[in-house]
Amino acid sequence: NKVKIVGTLAELNLEIKSFPERDGSGEYEAITGDIVVKVNEDESHTINYFAKKYTKNGSENKNFKALKTVMNEYVSIADVAQGLKEGEPTKLVAQGEISLNEFYANGDLISRPQISGRFSPSRVKNEADFSPEATFDVEVIIKSVQPEMEDGEETGRMKINTYIPTYSSVIPVTFITHKDMKPEHVGYVETNFEKGMSIRIYGDLVNKNKKIVKVIEAVFGENTEETTYERVNEL
């Protein structure tokens, strides 16, 4: 279960907070929150972090220390825009995994896949090595395979409903075949991906929010603009 995000730091939302120990013996400090990484003009990804200050044996947690460096030294696009920090926004590489974000909304349990950071993100030191991407590589168990439908018609893509096993549970995640995949390859997925099968899937994380501005010409006076947003979030 691996996720790799390479891009420019857009937002830095990490903080040090205190949490109660489960056994009621006191409190512990941890860094919690997320960062938003911009991959291109229309696409960005949120990576969640949580790191205790100390490990179980009482030694300093290296990941806590590294995330503290991120908080103090990394520069986000938002920091520059708000005048909080100076310099170029930090280009970075973040390694993580697909996890599950569960919360209640109006009494209903909502479950959505999210990206959890495994280690502290690292700077891209050489500009020549900077190649933005958002990719995943996971081993899953097939739950079902079905055609993607839109307005009652098949789009030509297949939805692959899966479970990602973890140490304590399973994470339900839906993947979808690439829009440019050849029809014979889509057919192979439909025919050969069977329930209960364990397979490896790799591809692109897509989280686009594209602004579309349409100019409406006026018969009299100035033209007006109509703004809409095209949102796509899929694996």
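Refer to the structure presented above.
One structure accompanies this document, and this report is about it. Not measured: the values here are computed from a predicted model.

Brief notes about the overall build of the protein
Working step 1: If you tally the helices and strands in the protein, you get three helices and twelve strands.
Working step 2: By principal-axis analysis of the C-alpha atoms, the protein measures approximately 60 × 60 × 45 Å.
Working step 3: Within the protein, the fraction of its 235 residues that count as buried is 30%.
Working step 4: Counted over contacts in the protein with a minimum sequence separation of 6, partners at least 24 positions apart contribute 54%.
Working step 5: For the protein, the computed accessible surface area is about 15700 Å², with 46% contributed by carbon and sulfur atoms.
Working step 6: For the protein, the centre of its 29 positive side-chain charges and the centre of its 39 negative side-chain charges are spaced 7 Å apart.

Some remarks on the environment of Ala105
Working step 1: When you line up the elements, Ala105 lands in strand S4 (residues 91–105).
Working step 2: It is 27 Å that separates the C-alpha atoms of Ala105 and Ser144, two residues lying 39 residues apart in sequence.

Focus: the pairing of strand S3 (residues 43–52)
Working step 1: Side-chain alternation along S3 places Glu43, His45, Ile47, Tyr49 and Ala51 on a buried face and Ser44, Thr46, Asn48, Phe50 and Lys52 on a face that remains uncovered.
Working step 2: Taken together, the ten bridges between strand S2 (residues 27–40) and S3 define a ladder with antiparallel strand orientation. Pairing of Gly33 across the sheet is with Tyr49, part of S3.
Working step 3: The antiparallel hairpin formed by S2 and S3 contains two residues in its connecting segment.

Some remarks on the pattern of salt bridges
Working step 1: The final tally for this structure, using the stated rule, is ten salt bridges.
Working step 2: Between Arg118 and Glu97 there is a salt bridge; the shortest N-O distance is 3.2 Å. Taken together, the positions of Arg118 in the loop between strand S5 (108–117) and strand S6 (122–123) and Glu97 in strand S4 put the pair 21 residues apart, joining distant regions of the chain.
Working step 3: Relative accessible area serves as the criterion here: at 33%, Arg118 is assigned to the partly exposed category.

Conventions used here
Residues numbered from 1 in each chain as written. Predicted model: local features only at pLDDT ≥ 70, side-chain atom pairs only at ≥ 80, totals over all residues. Heavy atoms only, no water. Helix = DSSP H or I, 4+ residues; strand = E, 2+ residues; numbered from the N terminus. Buried < 20%, exposed > 50% of the residue type's maximum accessible area, 1.4 Å probe, protein only. Contact = heavy atoms within 4.5 Å. Areas by Shrake-Rupley, 256 points an atom, 1.4 Å probe, with all protein chains shown as cover. Lys, Arg positive; Asp, Glu negative; His and termini not counted. Charge placed at Lys NZ, Arg CZ, Asp CG, Glu CD. Pairing = 2+ DSSP bridges. Salt bridge = Lys/Arg side-chain N within 4 Å of Asp/Glu carboxyl O.

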